[in-house]
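Close look at the chain arrangement
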There are 2 protein chains.
Amino acid sequence: MAMTDTHLQIGALIFDGLDQMDLTGPFEVLSRVPNSTYRIFGKTTTAVRDGRGLVLKPDATLADAPPLDVLHVPGGTGQEGVMDDEDVLGWVRRQAQGARIVFSVCTGALILGAAGLLKGRRATTHWNSFHLLPLYGAIPVNQRVVIDDKFVFASGVSSGIDGALRVAALLRGDEAAQVIQLSMQYAPEPPFASGTLATAPEAVLAAARQSMGEITEKREQTARRVAQRLGIKAPA
Amino acid sequence: MAMTDTHLQIGALIFDGLDQMDLTGPFEVLSRVPNSTYRIFGKTTTAVRDGRGLVLKPDATLADAPPLDVLHVPGGTGQEGVMDDEDVLGWVRRQAQGARIVFSVCTGALILGAAGLLKGRRATTHWNSFHLLPLYGAIPVNQRVVIDDKFVFASGVSSGIDGALRVAALLRGDEAAQVIQLSMQYAPEPPFASGTLATAPEAVLAAARQSMGEITEKREQTARRVAQRLGIKAPA
């Protein structure tokens, strides 16, 4: 990856019902990358609401986006709404082709999958959608952040912060990323060890799974439909 | 702290130039607290921009806020803009009085200080403003999250996530907080050990300090002015 001093265009896709932290976690990091511009692009410039109601506003439309050096694709339950939207998927595909880095967070990886960008690629996503990756032709890798060529995949929601720091380091070197980390005092101390499938208490896992039951079923149906469209042989 | 099943009103103060993650980190956690409503309140309902340009929109004005169970006060460079604003400070003071939990993130603690709420209280804030706490009458405690009675203080920016999980546990018990943590897959893996003064490389610390030089000076002047107003004897 070239570490030049050229100005970098960093851009995120936004859509109704995204998970706001998939966007705002990386925004905190990537908006501090030296000599760069971070902007948010939507189908229209109308504000959207995240899955929990936070209002977020695109800076410009997809059509008005410049060629991006970094394409940032968040997820969230609203990801389902763009999985068959060729306006969005075509834009993602075109931007991904020219980008230095394609960076998905959470179920943003499934949007990349719907755009046909996961075939043969090592990838990760939110734990609750991890089993769907093979339907998009991806090789699931159970790590918090997975880097495959120019693709950077962060797993669930908050992992976008870790992923974005990796992206910042790829773009501008370790020291620049470390300055960003110190500025945002990122030395996390989670009060519980409940952040992964492997460490969460059983009752916690059951409750989390139940709360996501409906969207999980929907995502499974979508993944099978997309697999068919992309000609990917669904694993048994 | 009562753990009842009554509906909880959680509300954040918003202002121009806040640091968006001070708001959105806790939003991700607290908007998932069972049987609660999280809303954002501004002097007007006009959208503001965070210090890096992210557009955030209040749900309602300060005047239209209900009595809050949880008052969430973010910081950021824009915190300077409300330090002498009696409309805001009076609202913070009144809401804090009735709230079950007063939760500041980053330099949001300085806003609580300007409202006279830090006198004699153990507190923390962003590492770069930590030395100012005594000017507000506070006892600085160098921890990521400091809890003193009903006050919960998170240090810099990203610490709001850890603080909010503590708040969620106080409100609804550990298991509820653990479900939230799992939903957002919060098992952080920072790629560098550069998140604190104690661990950051020297060159990184120097660069971070320099980038914050101007705002630090401004905050020092403000803190001395407020100390005078509040009749707090500034330490030598």
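Everything numeric here is computed off the predicted structure, so don't read it as measured data.

Here we look at the packing of aromatic side chains
All names here are of chain A. Using the criterion set out here, one finds 6 aromatic pairs over all chains in the structure. Judged by centre distance (6.3 Å) and plane angle (50°), the ring pair of Phe41 and Trp91 falls under tilted. Here Trp91 lies in helix H2 (residues 86–98) and Phe41 lies in strand E2 (residues 36–42), a separation of 50 residues in the sequence. Trp91 carries the same exposure label as Phe41, and that label is buried.

Comments concerning the packing of helix H1 (residues 20–30) of chain B against helix H4 (residues 159–172) of chain B
Residues and elements named next belong to chain B. Two elements in contact, H1 and H4, have axes whose closest approach is 8 Å; the angle formed by their N-to-C orientations is 30°. In terms of axis orientation, H1 runs roughly parallel to H4. As for how H1 packs across H4, the hand of that crossing is right-handed. For the pair formed by H1 and H4, the contact residues are Gly25, Pro26, Val29 and Leu30 on the first element and Gly160, Ile161, Ala164, Leu165, Val167 and Ala168 on the second. Per-class residue counts for the contact of H1 with H4 are 8 nonpolar, 2 polar and no charged.

Side note on H4(B)
All names here are of chain B. Over its 14 residues, H4 extends 20 Å from the first C-alpha to the last, a length consistent with the 20 Å expected when each residue adds 1.5 Å. The set of residues buried in H4 consists of Ser159, Gly160, Ile161, Asp162, Gly163, Ala164, Leu165, Val167, Ala168, Ala169, Leu171 and Arg172. One or two residues past the end of H4 sits Gly173, with phi positive at roughly 95°.

Points about the interface of chain B and chain A
Contact with chain B, which involves 63 residues of that partner, is made by 63 residues of chain A. Between chain B and chain A lies a buried interface of about 5200 Å² when both sides are counted; carbon and sulfur atoms form 63% of it. The tally of links between chain B and chain A comes to 4 salt bridges. Here Asp19(A) and Arg32(B) are joined by a salt bridge, their closest N and O atoms 3.0 Å apart. Inspection of the chain B/chain A interface yields 35 residue pairs in polar contact (both at pLDDT 80 or more). Of all the elements in the fold, those that place two or more residues in the side of chain B that touches chain A are H1, strand E4 (55–56), H4, helix H5 (174–183) and helix H6 (202–211) of chain B. At 8 residues, H5(B) tops the list of elements feeding residues into the side of chain B that touches chain A. Taken together, the residues of the side of chain B that touches chain A sort by class into 32 nonpolar, 17 polar and 14 charged.

Digging into the relation of the copies chain B and chain A
Overlay of chain B on chain A (RMSD 0.0 Å): rotation 180°, translation along the axis 0.0 Å. On this basis, the relationship between the two copies can be described by a two-fold rotation axis.

Let's talk about the confidence of the model for chain A
Here chain A shows a mean pLDDT of 96. Residues at 70 or above account for 97%. As a predicted assembly, this complex carries a pTM of 0.96 together with an ipTM value of 0.96.

Observations concerning the sheet that holds strand E7 (residues 101–105) of chain B
All names here are of chain B. Pairing is mixed in the open sheet, where 7 strands are placed in the order E5-E2-E1-E6-E7-E11-E10. Each end of this open sheet is capped by a strand with a single partner; those strands are strand E5 (60–61) and strand E10 (145–148). With 4 bridges joining them, E10 and strand E11 (residues 151–154) adopt antiparallel strand pairing. Residue pairing in the sheet places Val146 in a bridge with Phe153 of E11. The strands touched by helix H2 (residues 86–98) are strand E1 (8–13), strand E2 (36–42), strand E6 (70–73) and E7; relative to E6, the strand with the most contacts, the crossing angle is about 145°. Most of the contacts of H4 go to E7, to which it runs at about 170°, and overall it touches E1, E6, E7, E10 and E11.

About the cut-offs
Residues numbered from 1 in each chain as written. Chains lettered and ligands numbered in written order. Predicted model: local features only at pLDDT ≥ 70, side-chain atom pairs only at ≥ 80, totals over all residues. Heavy atoms only, no water. Phe/Tyr/Trp six-rings, centres within 6.5 Å; stacked < 30°, edge-to-face > 60°. Helix = DSSP H or I, 4+ residues; strand = E, 2+ residues; numbered from the N terminus. Buried < 20%, exposed > 50% of the residue type's maximum accessible area, 1.4 Å probe, protein only. Axes fitted to C-alpha atoms, helices over the stretch in contact; angles between N-to-C directions. Parallel < 35°, antiparallel > 145°, perpendicular 65-115°, else oblique. Left-handed = near helix turned anticlockwise from the far one by under 90°. Contact = heavy atoms within 4.5 Å. Nonpolar A, V, L, I, M, F, W, Y, C, P; charged D, E, K, R; others polar. Expected span 1.5 Å × (residues − 1). Buried area = accessible area lost by both parts, 1.4 Å probe. Salt bridge = Lys/Arg side-chain N within 4 Å of Asp/Glu carboxyl O. Polar contact = N/O pair within 3.5 Å; in protein donor to acceptor, adjacent residues only side chain to side chain. Least-squares fit on C-alpha atoms with pLDDT ≥ 70 in both. pLDDT = per-residue confidence, 0-100. Pairing = 2+ DSSP bridges.

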